Amino acid sequence: GESVGLHLPTLSVQEGDNSIINCAYSNSASDYFIWYKQESGKGPQFIIDIRSNMDKRQGQRVTVLLNKTVKHLSLQIAATQPGDSAVYFCAENLPIGSGGSNYKLTFGKGTLLTVNP
Amino acid sequence: GAGVSQTPSNKVTEKGKYVELRCDPISGHTALYWYRQSLGQGPEFLIYFQGTGAADDSGLPNDRFFAVRPEGSVSTLKIQRTERGDSAVYLCASSLRRNTEAFFGQGTRLTVV
């Protein structure tokens, strides 16, 4: 079936440390993945994405790693800041229907990241 | 506008009433998604439009829920005979094309009393 899950529901780090948030997905047909950050009372905010033909992608202070062999994603945040405190979701874009021309973006439950000053 | 806009931001309605939630996607975005999010949960897929047509409505929980996108831009999510269990934040997202990054609005918080 299709499911996206997270290994750690909560993560607490010290300001300045690096954070690693993990995510497992179950559908090998998914070929596009997105990490979102959601602050309280706001909609999910796009952070970084990666396609299945890549195993690593870097942004500003963030890196996403994709291991297709074990269907695992991780989000690494360098020098974590208090403003990074939020819930982080990974989402997989699953091809749907015949022909795979349409996609359904499916979310896991999220990881709450708390950054201590 | 610069981002996805959802109106109203908050809606309180009585059980049994009809509500409409509106989504204005980013200009030029062909794909539009509706999600529902309960407290402490991830967004739950409801329906996906590609242009004017619903490419996948498998997430709509029952026939009280319906969504339209008649001109391929603005979308309206309609809920008939609302129930207290419908209370949630309803999120809309759009993307330029299928299988590209999706950007979310701030959501509509629906409370059914």
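Model, not experiment: these values are computed from the prediction. (Residues numbered from 1 in each chain as written. Chains lettered and ligands numbered in written order. Predicted model: local features only at pLDDT ≥ 70, side-chain atom pairs only at ≥ 80, totals over all residues. Heavy atoms only, no water.)

**Some words on the pattern of salt bridges**
Residues and elements named next belong to chain B. For the structure shown, the criterion picks out eight salt bridges over all chains. With a shortest N-O distance of 2.7 Å, Arg22 and Asp24 are connected by a salt bridge. Relative accessible area serves as the criterion here: at 38%, Arg22 is assigned to the partly exposed category. For Arg64, the salt bridge is made with Glu83, and the minimal N-O distance between the two is 3.5 Å. With Arg64 in the loop between β6 (53-56) and β7 (65-68) and Glu83 in the loop between β8 (75-79) and β9 (88-95), the pair connects residues that are 19 residues apart, well separated along the chain. A residue is classified by how much of its surface remains accessible, and Arg64, at 6% relative accessible area, is buried. Linked through salt bridges whose partners overlap, the residues forming this network are Arg64, Glu83 and Asp86. (Salt bridge = Lys/Arg side-chain N within 4 Å of Asp/Glu carboxyl O. Buried < 20%, exposed > 50% of the residue type's maximum accessible area, 1.4 Å probe, protein only. Helix = DSSP H or I, 4+ residues; strand = E, 2+ residues; numbered from the N terminus.)

**Some words on the sheet that holds β7(B)**
Residues and elements named next belong to chain B. The antiparallel open sheet is built from four strands, whose spatial order is β1-β3-β8-β7. On the outer flanks of this sheet lie β1 (5-7) and β7, each paired with one strand and no other. Each strand axis lies, on average, 15° off the axis of its neighbour in the sheet, ignoring direction. Relative to strand β3 (residues 19-24), β1 runs antiparallel, the two being bridged by three bridges. Bridge pairing links Ser5 to Asp24 in β3. (Pairing = 2+ DSSP bridges. Axes fitted to C-alpha atoms, helices over the stretch in contact; angles between N-to-C directions.)

**Comments concerning unusual backbone geometry**
The omega torsion across B:Thr7 and B:Pro8 is -10°, close enough to zero to call that bond cis. Along the polypeptide, B:Pro8 turns up in the loop between β1 and β2 (10-13). If you check the backbone angles, A:Arg61 has positive phi at about 65° while not being a glycine. Considering the arrangement of structural elements, one finds A:Arg61 in the loop between β6 (56-58) and β7 (62-67).

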